[in-house]
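# A closer look at the structure
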Amino acid sequence: MTPEALTTLHLHLLTALEAAPDETRRLFHGRGRCWPGLEQLTVDWLQGVVLVSLFKEPDAGQLDALKQLLMTVVQSPAWQASGAHTLVLQHRYTLQSDTEWLVGEAVDEWTLTEGGLRYRVDLGRKQNNGLFLDMRYGRDWVRANAEGKRVLNLFAYTCGFSVAAIEGGAEHVVNLDMSRAALSRGRDNHRLNGHDMSKVTFLGHELFKSWGKVKSTGPYDLVIIDPPSFQKGSFLLTKDYQRVVRRLPELLSENGTVLACMNDPALGSDFLIDGVTRDAPGLRFVQRLDNPPEFPDADTECGLKALVFKQGV
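It should be emphasised that the depicted structure is a prediction, and the values quoted were computed from it without experimental measurement.

### Topic: the overall build of the protein chain
Along the backbone of the protein chain there are 10 helices and 16 strands. Taken over C-alpha atoms, the radius of gyration comes to 20 Å for the protein chain, in line with the 20 Å a tight globule of 313 residues would show. Counting over 313 residues, the protein chain shows a buried share of 51%. Of all intrachain contacts in the protein chain linking residues separated by at least 6 positions in sequence, the fraction that spans at least 24 positions is 63%. Approximately 13800 Å² of the protein chain is accessible, and the part contributed by carbon and sulfur atoms is 49%. Distance from the positive charge centre (34 side chains) to the negative charge centre (39 side chains) of the protein chain: 8 Å.

Spelled out as structure tokens, the structure:
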């Protein structure tokens, strides 16, 4: 983080805060490699809470300069006008993703709004807060395409896709994730939005040991696959994604649709398109969803990939 890079960040944040959004959004996406020297930094607007995340340890001088810059932002008219009250610095490169509360009181939980829907997130306790902001258009797509459908949400995490699907009129959603704590937060998210909980099922199982249980509640009109790139002991994207794809024909209804997602910068869209063509030949690639404009990337193939496939087209 050179002085020039920090000046760029300063100006960007002032401009973003002057027109602070009503809902949660990313304010600065250095990870897209569009701003030299800021590749390991992001800033999120969590509706009053400003979350700054560092993904690589800077030297002591750079860290001090960053904190001084952030405090300058806090003292600006733009900060005051935005309604911001809390500034958080998360060190994502540490084992515990250590968090510093630079301004405001520490907050364990916070409620965000996206597309009029509410989501409960964790602050200062976990590496990820519970809502991946780059998937906003994916949740919008699910909401717009879920009416009357039976939906399977694999690697459901805190059930953002499920919330969107039920809001969009899905008949039923089955959420599967090996983290029961994440699914518990998913229940919270559905309740926050006043959803009929009889339309939602939560399976706290490891997918590859639970195919029978997953298949028994099918077939599904929409299957969502949004796995981690790597989860120690349970999922390796380059090996295990295809194990999921091979099962799709037995999970899908006659005209079923798949939303297949991947966020590994080392793998492009072809990894998914070629894999689905090879291992689920009844499915055809339909479209890649755009990423939100607040997530610019020097190479779009390095950003989030959210691809739609359809059976019988």
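That shown, we press on.
### Focus: the packing of aromatic side chains
Aromatic ring pairs are described here by two measures, namely the spacing of the ring centres and the angle between the planes. Under the definition given, this model contains 5 aromatic pairs. Each ring, one from Y241 and one from F271, has its centre 6.4 Å from the other, and the planes form 85°; the classification is edge-to-face. With Y241 in helix 8 (residues 237–245) and F271 in helix 10 (residues 269–279), the pair connects residues that are 30 residues apart, well separated along the chain. Overall, Y241 belongs to the buried group, its relative accessible area being 1%. Against the face of F55 rests R31, its NZ or CZ located 4.0 Å from the ring centre. Stacked on the ring of F208, the Lys or Arg R243 has its end atom at 3.9 Å from the ring centre.

### Remarks on helix 5 (residues 160–167)
With 7 of 8 residues buried, helix 5 lies mostly within the body of the structure. Within the sequence span of helix 5, burial applies to G160, F161, S162, V163, A164, A165 and I166. Within two residues after helix 5, G169 carries a phi angle of roughly 95°, on the positive side.

### Section: the sheet that holds strand 10 (residues 200–203)
Strand order in this open sheet of 7 strands is 10-9-8-11-14-16-15, and the pairing throughout is mixed. On the outer flanks of this sheet lie strand 10 and strand 15 (283–288), each paired with one strand and no other. Shown here is a sheet whose adjacent strand axes are inclined to one another by a mean of 20°, direction ignored. Pairing of strand 9 (residues 172–176) with strand 10 involves 4 bridges; the strand directions are parallel.

### Points about the nonpolar core
Counting 32 residues, the largest nonpolar core has L154, L207, V223, I225 and V258 as the members making the most contacts within it. Contact partners of I225, with chain neighbours within four places excluded, come to L154, F155, Y241, V244, L248, V258, L259, A260 and C261. Membership of the second largest hydrophobic core comes to 29 residues, among which are L17, F28, L66 and A84.

### Describing empty space enclosed by the protein
Scanning the model with the defined rule gives 3 cavities of 30 Å³ or more in all. Lining of the largest cavity is provided by L51, V88, Q90, T99, W101, D122, L123, G124, K126, Q127, N128 and N129. The class makeup of the residues in the lining of the largest cavity is 4 nonpolar, 6 polar and 2 charged. In this structure, the second largest cavity spans a volume of roughly 50 Å³. Residue lining of the second largest cavity: L13, L17, L27, V43, V50, L70, V73, W79 and L87, and that is the complete set. Within the residue set of the lining of the second largest cavity, elements represented by two or more residues are helix 1 (3–18) and helix 2 (60–74). The residue makeup of the lining of the second largest cavity, split by class, is 9 nonpolar, no polar and no charged.

### Notes on the packing of helix 4 (residues 136–145) against helix 5
Contact geometry of helix 4 with helix 5 gives a least axis separation of 7 Å together with a crossing angle of 35°. Crossing angle aside, the handedness with which helix 4 passes helix 5 is right-handed. Taking contact as the criterion, the partners of G138, R139, V142 and R143 in helix 4 are, on helix 5, G160, F161, A164, A165 and E167. Counted by class, the contact of helix 4 with helix 5 contains 4 nonpolar, 2 polar and 3 charged residues.

### Let's talk about the domain arrangement of the protein chain
Under the domain assignment used here, the protein chain contains domain 1 (3–107) and domain 2 (133–311). Using C-alpha coordinates to define each centre, domain 1 is positioned 30 Å away from domain 2. Here domain 1 and domain 2 share an interface that buries about 830 Å² over both sides, 63% of which is from carbon and sulfur atoms. Three residues, R25, R26 and R33, lead the burial of domain 1 against domain 2; their summed loss comes to 53% of the area buried on that side. Counting across the domain 1 and domain 2 interface gives 1 salt bridge.

### Considerations on the sheet that holds strand 5 (residues 99–103)
Within the open sheet, the 5 strands sit side by side as 1-2-3-4-5. Their pairing is mixed. In this open sheet, the two strands that pair with only one neighbour each are strand 1 (25–29) and strand 5. Averaged over neighbouring strand pairs, the angle between their axes works out to 20° when direction is ignored. Relative to strand 4 (residues 86–91), strand 3 (residues 49–54) is paired through 6 bridges, and the arrangement is parallel. Across the sheet, S53 pairs through a bridge with Q90, a residue of strand 4. Along the sheet, helix 1 makes contact with strand 1 and strand 2 (41–45), crossing strand 1 at roughly 160°.

The rules behind the values
Residues numbered from 1 in each chain as written. Predicted model: local features only at pLDDT ≥ 70, side-chain atom pairs only at ≥ 80, totals over all residues. Heavy atoms only, no water. Helix = DSSP H or I, 4+ residues; strand = E, 2+ residues; numbered from the N terminus. Rg over C-alpha atoms; globule rule 2.2 N^0.38 Å. Buried < 20%, exposed > 50% of the residue type's maximum accessible area, 1.4 Å probe, protein only. Contact = heavy atoms within 4.5 Å. Areas by Shrake-Rupley, 256 points an atom, 1.4 Å probe, with all protein chains shown as cover. Lys, Arg positive; Asp, Glu negative; His and termini not counted. Charge placed at Lys NZ, Arg CZ, Asp CG, Glu CD. Phe/Tyr/Trp six-rings, centres within 6.5 Å; stacked < 30°, edge-to-face > 60°. Lys NZ or Arg CZ within 6 Å of the ring centre and 35° of its normal. Pairing = 2+ DSSP bridges. Axes fitted to C-alpha atoms, helices over the stretch in contact; angles between N-to-C directions. Core = buried A, V, L, I, M, F, W, Y, C linked by side-chain atoms within 4.5 Å. 1 Å grid on protein atoms, 1.4 Å probe; cavity = no way out; pocket = protein on both sides within 12 Å on 5 of 7 lines; lining within 4 Å. Points joined across faces, edges and corners; volume = space filled by probe spheres on them. Nonpolar A, V, L, I, M, F, W, Y, C, P; charged D, E, K, R; others polar. Left-handed = near helix turned anticlockwise from the far one by under 90°. Domains from an automatic or database assignment. Buried area = accessible area lost by both parts, 1.4 Å probe. Salt bridge = Lys/Arg side-chain N within 4 Å of Asp/Glu carboxyl O.

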